[in-house]
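Chains, contacts and geometry: an overview
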Amino acid sequence: MNHTTEPQASDGARHVPVERLQHYNPEVEQRVQGWFASGQPLVWIPILSQENFPDVPQQLLEFADHYQEAMRWPIHEMEDLLQLPHGITGWLMPASASDTDVACGVWDGEIYILGIRDRRTGKPQTLLGERVDVATGQADDLEQSAV
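Scope of this entry: the structure provided in the associated data block.

Rules of the game
Within each chain, residues carry numbers counting from 1 in the order of the written sequence. Residues qualify for local features only when their pLDDT is at least 70, as the model is predicted, and side-chain atom pairs are given and counted only at 80 or more; totals for whole chains, interfaces and linings, by contrast, use all residues. Note that water and hydrogens are dropped before the side-chain values are worked out from all heavy atoms of the structure. By definition, any uninterrupted DSSP run of H or I lasting at least four residues is a helix, any uninterrupted run of E lasting at least two residues is a strand, and each is numbered from the N terminus. Only protein chains enter the area calculation, which uses a 1.4 Å probe; residues under 20% of their type maximum are buried, those over 50% are exposed, and those in between are partly exposed. The contact rule is simple, with two residues in contact once any of their heavy atoms fall within 4.5 Å. Within this scheme, the nonpolar core is defined by two criteria: the residues are buried Ala, Val, Leu, Ile, Met, Phe, Trp, Tyr or Cys, and they are joined through side-chain atoms within 4.5 Å. Expected helix span is computed as 1.5 Å times (number of residues minus one). Our arc is simply the arc of the directions from the helix axis toward the C-beta atoms. If DSSP finds at least two bridges between two strands, the strands pair.

1. Here's the deal with the overall build of the protein
When you go through the protein residue by residue, the secondary structure sums to two helices and nine strands. Ordered by position in the sequence, the α and β elements of the protein form the string β-α-β-α-β-β-β-β-β-β-β. For the protein, buried positions account for 34% of its 147 residues. Sequence separation of 24 or more characterises 55% of the internal contacts of the protein that already satisfy a separation of 6 or more.

Below you can see the structure in the form of structure tokens.
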């Protein structure tokens, strides 16, 4: 990592470039910043999809998906996100959490923080399936959809 080209804040802290996407959600960004500010360890888990791994047979992706616990990539600070595999979207969450609706990936040296929606239904997705409505505690569909 070349430290001479990284922007420096007035307080001397390094800034990591975070790209705001078309579906930018300030609540998600604030939540992720809060995770880092609290100092709690985070994990990144690759999303095992044909989009992320086009050359891998779907059956193999489904098999590997059963071993997500073993694929947790530890994240201790924002800069760790730059070490993620280029072009692979994964779930980002506190290490103590079991589910998340925050996804993260690195493209062309830029970190992207985003939410995932099912292409067929347009419904927000989580690591464990469709996002549960916080107000009612109900999920729209209990079957996990491909993302």
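So that's the structure; there's more coming.
2. So, the nonpolar core
Generally speaking, nonpolar side chains in soluble globular proteins are found buried as a group. Membership of the largest hydrophobic core comes to 16 residues, with the highest contact counts inside it found for Ile75, Leu81, Leu92, Cys104 and Ile113. Mapped by element, the contributors of at least two residues to this core are helix H1 (26-38), strand S2 (42-46), strand S5 (103-107) and strand S6 (110-114). Top element by residues in this core is H1. It accounts for four residues. Setting aside residues up to four positions removed in sequence, Cys104 forms contacts with Trp44, Leu81, Leu84, Ile88, Thr89, Gly90, Leu92, Ile111, Tyr112 and Ile113. The next biggest cluster of nonpolar side chains, apart from the first, holds ten residues, and it includes Ile45, Met93, Ala103 and Leu114.

3. A short note on H1
Compared with the 18 Å implied by 1.5 Å per residue over 13 residues, the 18 Å span of H1 between its first and last C-alpha is a close match. For H1, the complete set of buried residues consists of Val28, Glu29, Val32, Trp35 and Phe36. Buried residues of H1 fall within an arc of 120° about the axis and therefore sit on the same side. In H1, those exposed residues whose orientation departs by more than 90 degrees from the buried face are Gln30 and Ala37. Summarising the contacts, the buried residues of H1 are in contact with S2, strand S3 (73-75), strand S4 (90-94) and S6.

4. Regarding the pairing of S4
Taking burial as the measure, the five residues of S4 include five buried ones, the bulk of the element. Across five bridges, the pairing between S2 and S4 is antiparallel. Bridged to Leu42 within S4 is Pro94. Strand direction decides the pairing type here: S4 and S5, joined by two bridges, are antiparallel. Paired with Trp91 across the bridge in S5 is Ala103.

5. Concerning the environment of Trp107
By secondary structure assignment, the location of Trp107 is in strand S5. Judged by its relative accessible area of 27%, Trp107 falls in the partly exposed class. When the C-alpha atoms of Trp107 and Leu82 are compared, they prove to be 9.4 Å apart, with 25 residues separating the residues in sequence. Setting aside its immediate chain neighbours within four residues, Trp107 contacts His86, Gly87, Thr89 and Tyr112.

6. Observations concerning the pairing of S6
Across the five residues of S6, four count as buried, placing the element largely inside the fold. In this sheet, S6 lies alongside S5 in antiparallel orientation, the contact comprising five bridges. Opposite Trp107, over in S6, you have Glu110 as the bridge partner. What sits between S5 and S6 in their antiparallel hairpin is a turn of two residues, with Asp108 showing a positive phi close to 50°.

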